[in-house]
Amino acid sequence: PKFWKRSERMSESFMNSRKISVFPCTDEIMQQEIRPLVAVDIIEQLHRQFAILSGGRGKDGAPIITFPEFAGFSEIPDDDFLNVVTYLTSIPSLEAASIGFIIIIDRRRDKWSAVKASLTRIAGAFPGNLQLVFVLRPSRFIQRAIADIGIKLYRDDFKMKVPIIMLNSVSDLHGYIDKSQLTRELGGTLEYGHSQWIHHRTAIENFAMTVKTTAQMLQTFGTDLAETELPNDVQCTEELLSSHTEHHSKLKDELKLAVKQGATLLTCIREPVTRSANSKLSPDELENVATVERLLAQLDETEKAFDQFWTKHHLKLEQCLQLRHFEHDFREVKLTLDNLMETLAGFADIGDSVTRVENLLKEQKHLEEKGQEPLEKAQSLALHGEQLIQNNHYAIDSIRPKCVELRRICDDFTNETKKKYDILGKSLELHKQLDKASQWCEAGIYLLASQAVDKCQSQEGAETALVEIEKFLVTAKEHQLSNLKEFYNQIVQKLEDVQEMFDKRQVSLKKLAAKQTRPVQPVAPHPESSPKRASPKITRPAAVGRGFLCVVKAINRNTNFFFTCAWLTHSTLLSFSHIINELIETERVYVEELQSIIEGYASEMDNPNLVHLIPSALQNKKEILFGNLPEIYYFHNRIFLKEIENCIENPELLARCFLKRKEDLQIYEKYCQNKPRSEALWRQCGDSIFFQECQRKLDHKLSLDAYLLKPVQRITKYQLLLKEMLKCSKNSEGTAELEEALATVLDIIKSVNDSMHQIAITGYEGDVSELGKLLMQGSFNVWTDHKKGHNKVKDLARFKPMQRHLFLYTKMLLFCKKREENTDGHEKTASYSFKNSLKMSTVGITENVKGDNKKFEIWYNGREEVYIIQASSVELKNTWISEIRKVLTGQLEACRGRAHRAAAGNVSFSCSCQKINSRKKVFVVLTLPTVPEKGRSDAPAPNAGLL
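Cut-offs and rules
- The written sequence of each chain sets the order in which its residues are numbered from 1.
- Residues qualify for local features only when their pLDDT is at least 70, as the model is predicted, and side-chain atom pairs are given and counted only at 80 or more; totals for whole chains, interfaces and linings, by contrast, use all residues.
- For the side-chain quantities, the full set of heavy atoms in the structure was used; hydrogens and water were omitted.
- To qualify as a helix, a DSSP run of H or I must reach at least 4 residues; to qualify as a strand, a run of E must reach at least 2; elements of each kind are numbered from the N terminus.
- The buried label applies to any residue whose accessible area, calculated with a 1.4 Å probe on protein chains only, is under 20% of its type's maximum; exposed applies above 50%, and partly exposed to all values in between.
- Strand pairing is assigned whenever DSSP identifies at least 2 bridges connecting the two strands.
- Axis lines are fitted through C-alpha atoms, for helices just across the contact stretch, and the angle between N-to-C directions can take any value from 0 to 180 degrees.
- Contacts between residues were defined by any pair of non-hydrogen atoms, one from each residue, lying within 4.5 Å.
- The pairing test for Phe, Tyr and Trp rings, Trp by its six-membered ring, is centres within 6.5 Å, and the orientation test on the planes gives stacked under 30 degrees, edge-to-face over 60, and tilted for anything in between.
- Comment: the charge-over-ring label is applied if NZ (Lys) or CZ (Arg) is within 6 Å of the ring centre and within 35 degrees of the ring normal.
- The criterion is simple. A nonpolar core is a set of buried Ala, Val, Leu, Ile, Met, Phe, Trp, Tyr and Cys residues joined through side-chain atoms within 4.5 Å.
- Working rule for handedness: look at the near helix, and if it is turned counterclockwise from the far one by less than a right angle, call the crossing left-handed; if clockwise, right-handed.
- Residue classes follow a fixed rule: Ala, Val, Leu, Ile, Met, Phe, Trp, Tyr, Cys and Pro count as nonpolar, while Asp, Glu, Lys and Arg count as charged, and any other residue, Gly among them, counts as polar.
- Each reported salt bridge corresponds to a side-chain nitrogen of Lys or Arg within 4 Å of a carboxyl oxygen of Asp or Glu.
- In these notes the angle categories are as follows: under 35 degrees is roughly parallel, over 145 is roughly antiparallel, 65 to 115 is roughly perpendicular, and the rest is oblique.

**Some points on the environment of Ala743**
Thought 1: Locating Ala743 in the fold gives a position in helix α25 (residues 735–758).
Thought 2: Overall, the relative accessible area of 43% leaves Ala743 in the partly exposed class.
Thought 3: Sequence spacing of Ala743 and Phe658 is 85 residues, and the spatial spacing of their C-alpha atoms is 10.0 Å.

The structure is reproduced here in structure tokens:
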């Protein structure tokens, strides 16, 4: 936020208003960096009190600087004098300083030579504008006379453009400057305490630095908040909200402490006025009060701006958390309602009897009751979503469709339930009528069967039977269906309902099938510079079971191919495909970025139209800035990219690509070794117009130094992708090759890392390239023990470990001391100062040291020198011992070979054995006198000891 930047600038202005050069102002020195000078930098010189700024002013407001009597004034170093005087002249306001300074030189107890030396030094080194110079001449008669004569003779030698007024006493001084503006030492009434003055100055400058630091912290925090991406789940959002709130509370506490510090400082400055009503603050003290008040106002303005920004950000985080809760609840409720709708859609039976229909109605009732709670949650959630919309939530476009979807699902469930009740109700009514009709029919049959034929032969009997039948037929109307068409419509409606149920089930199944066959989205390359090309598409199989052989059909660039992965699950196959696609896509992007660097920057350095924009420090240094980047681009563009693109159809070849190109990938070692030189050159020339113009033409969002990091990032990216592929293809065919490829890449990264340490070795007089391959490097605690030497020295060497960085080569073991140095104000850079070396042909090793399983011994020349080495872990110790053992074993085999050759050439060759009992193990040292081969000078020296 602008308020924070402005506050930072205002606090910086206070600190920078007193910037000086710590050296004399020459043309060459003026080009050097200028830094602000504060009291703490020259605290010792200020305490010597050879010059003071008491706060007094002349009649026109000119600040007064007093040079009190100081015995060793001529012995003060020039730098100390210049720094103190420059600091004192920087304290008054620009308005007061523009009037000019009044200098009072008190030399009443001194000699004319001291007066002359003081005037000469002030004339030559005073950095401000002078108005008047008052000199209290020596009080002794002879020195005063000499001073009168000397000032007349040497006045022109002082080269001062202002009057030099010689005074006999302080009473003469009072005629020029009011007593209230002079300290007691000069006969005035101005209260001045030098220690208190230094305390106030350091406190004010510390407070200004606190204000600047606080503004920077707030700006950094605000930038972090502005760049924070909102999480996509509830837990991460809650954690982010908690983290930001906690950070906000800490910053508020820092602000309160800063305000408290400023208020306390203000009270201390105003203490004389508070203690005595007659006291008045000097002009300098009033300026100090104004400075502290201005800084406090900046803090208050910064705090208000920070609170305003935090309120908006906190509201957005809370709304994000509300949204994530809403989305989480929406998914749960929708899943429940979808399951209920699916159950309802499968409820197609209308019953074949009254009892069956009544049971179906009970089941329907139970389903309706089961759906009441989800329906209420859905209605409540929709209402909550509408409240979020009314409260101006930032994600209205995401919330509103979900509210509409919830209400639609609720309405669908309610309507379907009502429709089911209507159908089952009509089915129950129909079956009841059918039962009554059946009972009537049975009753009629019984009636007809009960009428005896012989009784109907008579008139009376026939009439009686007829009356019974007529009465029975009258009841037939009660058991007839009122509307046969309605019954037909019910059947048709039932068929339509069933058809609709089937249709809905079909749609639902189609949706489910569509979910199962949804295309897998490939992992996208870097969003900033990804080329717009079609991404590979992969179609999932319909069903895959664990533990079965599955075939995944992948479609890429209109080419169909198959690859087989044994014993992989569905998700594993998709992840494997994603990784391959990501590797290829990011490789293409990487090649394009390298091409843009070479064409947009490196080639432009040879463009005659842009030569005038290239800084002189960059002339003829293209190879330093870019290293072997063209070589890396050629390898990836012409070879490696094409080979891994072939792995789309044959994934099993991917590991072989890395194994085949192991030696080619070593080009990254050369690039990384040059990186420090490249970075140093970039820091010197990175702000030039040439690079800005190239960046503008390329439309890059990032500067060149970010793209020069791409090769370093790329070589580490390979091992991450190979690790992911190993996770996906565990226990399957090709795992061994993937493991070997990963080991190859890790070995390359280790080699690059080791070489970066190797180039930082200083003080070694030989050529490290002649020491053989660098096998290991690392930091250890080292004790030394020498057979020769004083016992006290030996004891001291044994019990005081040294921090040493060891470099193990095939021919030599180097002991170095690690040092960290600041370079041009940037992060610390490690260097390794050479201390000692041991030829590997003359050393032995003891693997276990009693009392510590992290220690091992390396001894030299038959244990005349013993180095006890302590690793940080047992694993690290074992790794080093293994590498050293390999070196020694290799040397032993080489000696054996030379012995055989010597025997074949009829040259005498003898061996002597020496047993050394090293605590738990017994070692045999073979001393092999050897004869150098013809034409070779690198053969071991006589009596070379091998373990």
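**Here's the deal with the sheet that holds strand β6 (residues 164–167)**
Thought 1: Spatially, the four strands line up as an open sheet ordered β3-β4-β5-β6, and their pairing is parallel. At either margin of the open sheet sits one strand with a lone partner, and together these are β3 (64–67) and β6. Adjacent strand axes in the sheet meet at a mean angle of 20°, parallel and antiparallel pairs treated alike.
Thought 2: Of the strand pairs in this sheet, strand β4 (residues 101–106) and strand β5 (residues 130–136) are connected by six bridges, and their pairing is parallel. From the neighbouring strand, Phe101 faces β5, where its bridge partner is Leu130.
Thought 3: Most of the contacts of helix α6 (residues 112–125) go to β4, to which it runs at about 155°, and overall it touches β3, β4, β5 and β6.

**Examining the packing of aromatic side chains**
Thought 1: Counted under the stated rule, the structure contains 21 aromatic pairs.
Thought 2: Taking 5.3 Å as the distance between ring centres and 70° as the angle between the ring planes, the aromatic pair formed by Phe690 and Phe691 counts as edge-to-face.
Thought 3: Cluster of aromatic residues (ring-pair linked, three or more members): Phe50, Phe67, Phe70, Phe73 and Phe81.
Thought 4: The ring centre of Tyr707 lies 5.7 Å from the NZ or CZ of Lys710, which sits over that ring.

**With respect to the nonpolar core**
Thought 1: Ranked by size, the top nonpolar core spans 59 residues in total, and within it Leu625, Phe626, Phe658, Phe691 and Leu704 carry the most contacts.
Thought 2: Sort the elements by how many residues they give to this core and helix α17 (residues 570–602) lands first, with 12 residues.
Thought 3: Core analysis: the next-biggest nonpolar cluster, separate from the first, contains 34 residues, Phe50, Ile91, Val115 and Met166 among them.

**Considering the packing of helix α21 (residues 667–685) against α25**
Describing two packed helices takes the angle between their axes plus the distance from one axis to the other.
Thought 1: Direction vectors running N to C along α21 and α25 enclose 35°, while the axes themselves pass 9 Å from each other. In terms of crossing hand, the pair formed by α21 and α25 is right-handed. In this structure, α21 uses Tyr668, Glu669, Cys672, Gln673 and Pro676 to contact α25, whose residues at the interface are Ser751, Val752, Ser755 and Met756.
Thought 2: Across the contact of α21 with α25, the residue classes tally to five nonpolar, three polar and one charged.

**Quick notes on the pattern of salt bridges**
Thought 1: All told, the structure shown has 37 salt bridges when counted by the stated rule.
Thought 2: Residues Lys750 and Asp754 are paired through a salt bridge, measuring 2.7 Å at the closest nitrogen-oxygen approach. Pair noted here: Lys750 and Asp754 are both in helix α25, with a separation of four residues, about one helical turn.
Thought 3: What makes Lys750 partly exposed here is its relative accessible area of 33%.

**Let's talk about the packing of helix α9 (residues 194–227) against helix α12 (residues 283–345)**
Thought 1: Relative to each other, α9 and α12 sit at 15°, their axes nearing to 11 Å. It follows from the interaxial angle that α9 and α12 lie roughly parallel. Seen from above, α9 lies across α12 with left-handed handedness. Only Asn288, Thr291, Val292, Leu295, Leu296, Gln298, Leu299, Thr302, Phe306, Phe309, Trp310 and His313 of α12 make contact with α9, whose side of the interface consists of Arg201, Ile204, Phe207, Ala208, Val211, Thr214, Leu218, Phe221, Gly222, Leu225 and Ala226.
Thought 2: Looking at the contact of α9 with α12, its residues break down into 15 nonpolar, seven polar and one charged.

**Quick notes on the pairing of β6**
Thought 1: Residues Ile164 and Met166 line one face of β6 and the alternating positions Ile165 and Leu167 line the opposite face, and both faces are buried.
Thought 2: Where β5 meets β6, four bridges bridge the pair, whose relative direction is parallel. Its bridge partner lying in β6, Leu136 is registered against Leu167.

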